[in-house]
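# What the coordinates show
The primary structure of each chain is shown beneath.
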Amino acid sequence: MANTNHYLKYAKNLFAIFFGNTIYAIGIVAFLLPNGIITGGTTGLALSAQHYLGLPLSTFAFIFNAAMFILGALILGKAFALTTLISSFYYPVILGILQKVPALSNVTQDRMLACVCSGVLIGAGIGIVIRAGASTGGMDIPPLLLKRFFGIPVSASLYVFDFVILLLEMTFSNVEESIYGILLVFIYTFILDRVLTLGMAQTQVKIVSKKHAEINSAVHAQLDRGTTLIQAETGFLHRESQLVLTVVSNRELIRLNKLVMEIDPAAFMIISKVNEVKGKGFTQPKVKRTAK
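First, a word on what this report is: a plain description of the structure on this page. Computed from a predicted model, the values in this text were never measured in an experiment. The residue numbers shown here count from 1 along each chain, following its written sequence. The predicted origin of the model limits local features to residues at a pLDDT of at least 70 and limits the giving and counting of side-chain atom pairs to 80 or more, whereas totals for whole chains, interfaces and linings rest on all residues. Side-chain numbers come from the whole structure's heavy atoms, not from hydrogens or water.

### Observations regarding the pairing of strand β2 (residues 227–233)
How we decide: Pairing between strands requires that DSSP locate at least two bridges from one strand to the other. Only DSSP runs of H or I with at least four residues qualify as helices, and only runs of E with at least two residues qualify as strands; both kinds are numbered from the N terminus onward.
Bridging between β2 and strand β3 (residues 240–248) involves seven bridges; their strand directions are antiparallel. Its bridge partner lying in β3, Thr227 is registered against Thr246. Linkage of β2 to β3, two consecutive antiparallel strands, is achieved through a turn of six residues, within which His238 is found at a positive phi near 55°.

### Re the pattern of salt bridges
Oppositely charged side chains can form a pair if their charged atoms are brought close together. Under the convention used in this document: Salt bridge criterion: a side-chain nitrogen from Lys or Arg within 4 Å of a carboxyl oxygen from Asp or Glu.
A full pass over the atoms with the stated rule returns three salt bridges. A salt bridge links Arg111 to Glu177; the shortest N-O distance between them is 3.1 Å. Residue Arg111 is located in helix α5 (residues 111–131), and its partner Glu177 is located in helix α8 (residues 175–197); the two are separated by 66 residues in the primary sequence. Glu252 serves as the salt-bridge partner of Arg225, at 3.1 Å between the closest nitrogen and oxygen. One end of the pair, Arg225, is in the loop between α9 (212–223) and β2; the other, Glu252, is in helix α10 (residues 250–263), with 27 residues separating them in the sequence. Via salt bridges that share partners, Arg111, Glu176 and Glu177 belong to a single interconnected network.

### Quick notes on the nonpolar core
Most often, soluble globular proteins keep nonpolar side chains buried together rather than apart. Here is the rule we go by: Put simply, buried Ala, Val, Leu, Ile, Met, Phe, Trp, Tyr and Cys residues joined by side-chain atoms within 4.5 Å make one nonpolar core. Note on classification: 1.4 Å probe, protein chains only; a residue is buried when its accessible area is under 20% of the maximum for its type, exposed when over 50%, partly exposed between these limits. For this analysis, residues touch if any pair of their heavy atoms sits within 4.5 Å.
Judged by nonpolar contacts, the single largest core of 39 residues is most densely connected at Ile28, Leu32, Ile37, Leu95, Ile122 and Leu184. Those elements that provide at least two residues to this core are α1 (2–32), α2 (41–53), α3 (57–76), α4 (78–98), α5, α6 (141–150), α7 (154–170) and α8. Among residues more than four places away in sequence, those in contact with Leu32 are Gly27, Ile37, Thr39, Leu47, Ser118, Ile122 and Leu184. With 15 residues, the next largest nonpolar core counts Val219, Val244, Leu256 and Leu259 among its residues.

### Quick look at a nonpolar patch on the surface
To be explicit about the condition: In this scheme, patches are assembled from residues that exceed 30% relative accessible area and form no salt bridge. Like charges are connected within 9 Å, while nonpolar side chains (Val, Leu, Ile, Met, Phe, Trp, Tyr) are connected within 5 Å. Only the protein chains shown count as cover for residues, and all accessible areas are computed by the Shrake-Rupley method using a 1.4 Å probe.
On the surface, Met112, Val116, Val120 and Leu183 cluster together into a nonpolar patch covering about 280 Å² of accessible area. For Met112, the location among the structural elements is in helix α5.

### Focus: α10
Put simply, the rule reads: One less than the residue count of a helix, multiplied by 1.5 Å, gives the span that helix is expected to have. Of all possible arcs, the one meant is that of the directions from the helix axis to the C-beta atoms.
In this model, α10 (14 residues) spans 21 Å end to end at C-alpha, consistent with the 20 Å of a helix rising 1.5 Å per residue. What α10 keeps buried is the set Glu252, Leu253, Leu256, Leu259, Val260 and Ile263. Here the buried residues of α10 occupy an arc of 130° about the axis, which is enough to place them on one side. Exposed residues lying more than 90 degrees from the buried face of α10 are Arg251, Ile254, Lys258 and Glu262. Each element contacted by the buried residues of α10 is listed here: β1 (202–208), α9, β3 and β4 (268–274).

### Notes on the sheet that holds β1
This is how the line gets drawn: Axis lines are fitted to C-alpha atoms, over the contacting stretch for helices. Their N-to-C directions set the angle, which ranges from 0 to 180 degrees.
Taken together, the four strands give an open sheet; going across it, the order is β2-β3-β1-β4, and neighbouring strands pair in antiparallel fashion. The sheet terminates laterally at β2 and β4, the two strands that pair on one side only. Neighbouring strand axes in the sheet, compared pairwise and without regard to direction, differ in orientation by 20° on average. Where β1 meets β3, six bridges bridge the pair, whose relative direction is antiparallel. Looking at the pairing, Gln204 lines up with Val247 of β3. Along the sheet, α9 makes contact with β1, β2 and β3, crossing β3 at roughly 20°. In the packing of α10 onto the sheet, contacts are made with β1, β3 and β4, and the angle to β1 comes to roughly 15°.

Written out as structure tokens, the structure is:
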């Protein structure tokens, strides 16, 4: 059974890597290239190489990804190599194939619509690949190396590299194309962040009440959620109390609020969003235990 689950997870991740890279390539071929929009990353470098050196986009992407893959494998190790191998070589191939599909080059001539659509597809594609535990290769690798040797945050390095690549492309692009390129980077960065946190956001609730014991039991029995009791003291009267801390989904928040108000209408609740929660009941299966 364990082996079956392992193979299913591997197959799911493999599909996600192929799917994510395909979406990424569609965003480039269908919206970015036909409308002359510049961008950062490997594609931005490929556009520059195509303009100055006459190299086909897919050819440069293949050569550059292969070089970055070898560099990353030598320095970052085998684990990195295995998760990046597929993306590094599949993306240039699917990019070349899609460029030969005439219908994809005539989707829209509206640059703003093309900028938004390509940004959404690029951000979603990269996000799907990263969520599968892989890397898209190419320009993902230099920031990882800088992080390892100099401690520079990956996000900061990516922004700097994208900005430098955009500056290079501005030498052969007009002002309008440059503005669309900057907008595109902002859009796909935003979408990438949303994809990476999709389904992970939860709601943290802190409850201060004289009936904390009843509320604690009710959360266990009716919501099937874990709780943590935190020793607290009121600031004005200095009365000792216990604060009930729990994490629920957005849908469960309404039920929790109703539950607490039914037990203690005077309860004080602090509700805040959290980007990600790990542990039993969220990223790990719940463990059912019988009360003793």
